[in-house]
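# An overview of the molecular structure
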Amino acid sequence: MTLHYGSLYWPTTWPNPPRYPRLSGSGSFDVLIVGGGVSGALCGLTLSRSGIEAALIERNAVASGSSSSNTGLLQYSNDIMLCKLAEQIGERDAVVFYKACKASVEHLAQVAQSLPREVGFKRRSSFYFASSKDDVPELRREFEMLDKHGFGAEWWDEADIAAAFPFRKAAAIVTHGDAEMNPFRFVTSVIEEAVRHGLKVYEHTPMLALEGENGRFVVRTGEGDIRAKRVVLAVGYAPETAGSDWVLGKAVMNRSYAIVTKPAASLADWHQRFMLWETARPYLYIRTTDDGRIVAGGLDEPLRRPVLSEADLRQRSLRLLAEIGRLFPDLRPELEYEWCATFTESADHLPILGEDPARPGVHYIFVYGGNGSVYSNIAAQLIRDSLIGEPNPIAPIVRAHRTSRQAAVRH
Ligand SMILES: Cc1cc2nc3c(=O)[nH]c(=O)nc-3n(C[C@H](O)[C@H](O)[C@H](O)COP(=O)(O)OP(=O)(O)OC[C@H]3O[C@@H](n4cnc5c(N)ncnc54)[C@H](O)[C@@H]3O)c2cc1C
């Protein structure tokens with residue numbers, strides 16, 4: 001299944017990453033992780049650092065799925081605002097979830113720092129602006145909710161914004177403690193580090209079938225069978241490749257667009273390199289890179305399959321370029337990389353994580369939504385806690401088979 005089309009920027013920053021063998025013969029492990037994206041990588045690192053024997057299989061190459069089309073924003077604010085999430089699941093759980101996302105960004109900073117390679121990780125603040133004046137009352141409600149629960153957000157009015165940026169917007173929330181990264185370098189380095197801690201990695205090794213039950217699973221790969229006590233399915237936006245078709249009923253599959261420009265002559269107009277996004281849905285978001293490029297994304301369309309023609313892609317890329325120009329008229333950015341990719345959200349805007357109560361020993365990491373990397377890290381902790389018998393307050397909020405009442409509410 002094609003997950004992306006076009007020219008991806010991130011893999012160009014590490015042309016010869018480590019490669020791993022194909023599984024030949026059979027194997028036996030305590031935990032088998034299926035999928036070598038950010039979800040599988042962080043799970044593999046967390047388990048191997050905790051001394052849990054694990055292996056990871058990837059049907060292609062590691063970091064070749066959605067994680068390489070990721071634009072690398074790490075934010076604790078979600079696609080669904082805290083005030084809306086509170087209406088959906090109750091204020092207490094909504095705050096627990098938002099705090100877990102904030103803690104996850106902190107933890108990702110520690111992970112990035114512990115890696116032997118540079119992964120483009122930089123702490124940044126986020127700037128969430130009102131796309132129109134009509135959105136200001138709800139934005140203000142969101143600010144008050146964040147403020148009430150001690151997230152340390154700031155309210156910027158029109159004058160504050162005009163003093164910091166060359167564009168005018170009616171209002172914005174500025175949140176601190178977020179970050180940006182290079183997702184390809186991050187995933188590849190995390191796997192490299194996990195291998196150093198004992199994770200076994202096999203590329204070009206698909207899971208063709210999962211058989212058995214708790215404590216006695218057999219994964220068929222075509223080349224050989226893998227026996228495992230637990231299986232973690234971290235297969236991204238193609239759950240049906242791992243027999244998890246039920247997830248499709250809880251997911252909304254779209255396609256999204258992203259561009260990366262050539263390095264800009266000057267980003268002096270860009271206040272503290274804030275990561276910008278907006279209240280409109282679908283939203284535009286833009287960030288910068290270490291070497292002065294601009295990354296912009298958005299224009300989601302309700303189709304799962306990416307566009308497969310250069311002309312169709314270019315039409316959207318030029319729209320994203322024009323959006324940058326509207327915000328920063330003096331920048332005149334030049335397009336260098338452009339892609340379209342499948343982008344999946346869950347119907348209730350929460351990830352689907354944890355052990356399947358109907359199939360003990362099978363764990364899911366479906367990090368659907370714009371905060372996938374933040375969720376992946378939460379998932380890794382959750383699975384580690386479940387394996388060592390520690391309770392985790394997030395588990396009931398993100399559990400796989402949650403009620404339809406939750407899943408039915410849209411924002
Ligand atoms: C355009 C775009 C921009 C985004 N921007 C952001 C952002 O700024 N911040 C953010 O946090 N998130 C962002 N996301 C979301 C993020 O990319 C995803 O949440 C994340 O990459 C999902 O990671 P994953 O490991 O679950 O999936 P993947 O990276 O797709 O990894 C899953 C892997 O499983 C493998 N696999 C599948 N089936 C099998 C099988 N049967 N056997 C073996 N292997 C298998 C696949 O080959 C794949 O490599 C963005 C997504 C898109 C498309």
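From a predicted model like this one, the values you see are computed outputs, not experimental measurements.

## What to know about the overall build of the protein
For the protein, the count of helices and strands is 10 helices and 18 strands. A compact globule built from 411 residues should have a C-alpha radius of gyration of about 22 Å, and the protein, at 21 Å, falls within 12% of that. Along the first, second and third principal axes, the C-alpha set of the protein runs to 65 × 45 × 40 Å. Here the analysis covers contacts within the protein between residues at least 6 apart in sequence; of these, 77% occur between residues at least 24 apart. Summing over all exposed atoms, the protein offers an accessible surface of approximately 16100 Å²; the carbon and sulfur share of this is 49%. Across the protein, the centroid of the 46 positively charged side chains sits 2 Å from that of the 49 negatively charged ones.

## Topic: the packing of aromatic side chains
Per the stated rule, a full pass over the model turns up 28 aromatic pairs. A centroid spacing of 5.7 Å and a plane angle of 55° characterise the contact between Trp 156 and Phe 274, whose relative ring orientation is tilted. Taken together, the positions of Trp 156 in strand E6 (residues 154–157) and Phe 274 in the loop between strand E12 (251–261) and strand E13 (275–278) put the pair 118 residues apart, joining distant regions of the chain. On the accessibility criterion, Trp 156 (11% relative accessible area) is buried.

## Digging into the environment of Asp 356
Looking at where Asp 356 falls in the secondary structure, it is placed in the loop between strand E17 (352–355) and strand E18 (362–366). Through-space distance from the C-alpha of Asp 356 to that of Ala 400 is 6.4 Å; in sequence the pair is 44 residues apart. The contact partners of Asp 356, leaving out residues within four places of it in the chain, are Val 362, Tyr 364 and His 401. Side-chain polar atoms of Asp 356 contact the side chain of Tyr 364, separated by 2.6 Å.

## Re the site of the ligand
Ser 39, Glu 58, Ser 67, Leu 73 and Thr 241 are the nearest of the 35 residues found near the ligand. Between the ligand and the protein, one listed contact pairs a nitrogen atom with a backbone N or O atom of Arg 59 at 3.1 Å. Protein chains bury 98% of the 1000 Å² of accessible surface belonging to the ligand in isolation. For the shell around the ligand, the elements supplying multiple residues, two or more each, are helix H1 (38–49), strand E16 (335–346) and helix H8 (372–388). In terms of residue count, the dominant contributor to the shell around the ligand is E16 (3 residues). For the shell around the ligand, the residue count by class is 12 nonpolar, 21 polar and 2 charged. Formed jointly, the shell around the ligand draws a minimum of three residues from each of two domains, domain 1 (4–12 + 19–70 + 184–242 + 348–407) and domain 2 (123–179 + 250–345).

## A look at the confidence of the model for the protein
Averaged over every residue, the pLDDT of the protein is 95; residues scoring 70 or more account for 98%. Per-residue pLDDT stays below 50 along residues 404–411; that stretch engages in 16 contacts with residues further than four places along the chain or on separate chains.

## Concerning the side chain of Asn 182
Within the secondary structure, Asn 182 is located in the loop between strand E7 (171–180) and helix H6 (183–196). Among the polar contacts made by the side chain of Asn 182, one reaches the main-chain amide nitrogen of Phe 184 at a distance of 3.1 Å. A polar side-chain atom of Asn 182 sits 3.1 Å from the main-chain amide nitrogen of Arg 185. With near-sequence residues (within four places) excluded, Asn 182 lies in contact with Trp 10, Thr 13, Val 119 and Gly 120.

Rules used in this analysis
- Residues numbered from 1 in each chain as written.
- Predicted model: local features only at pLDDT ≥ 70, side-chain atom pairs only at ≥ 80, totals over all residues.
- Heavy atoms only, no water.
- Helix = DSSP H or I, 4+ residues; strand = E, 2+ residues; numbered from the N terminus.
- Rg over C-alpha atoms; globule rule 2.2 N^0.38 Å.
- Contact = heavy atoms within 4.5 Å.
- Areas by Shrake-Rupley, 256 points an atom, 1.4 Å probe, with all protein chains shown as cover.
- Lys, Arg positive; Asp, Glu negative; His and termini not counted.
- Charge placed at Lys NZ, Arg CZ, Asp CG, Glu CD.
- Phe/Tyr/Trp six-rings, centres within 6.5 Å; stacked < 30°, edge-to-face > 60°.
- Buried < 20%, exposed > 50% of the residue type's maximum accessible area, 1.4 Å probe, protein only.
- Polar contact = N/O pair within 3.5 Å; in protein donor to acceptor, adjacent residues only side chain to side chain.
- Near = heavy atom within 4 Å.
- Nonpolar A, V, L, I, M, F, W, Y, C, P; charged D, E, K, R; others polar.
- Domains from an automatic or database assignment.
- pLDDT = per-residue confidence, 0-100.

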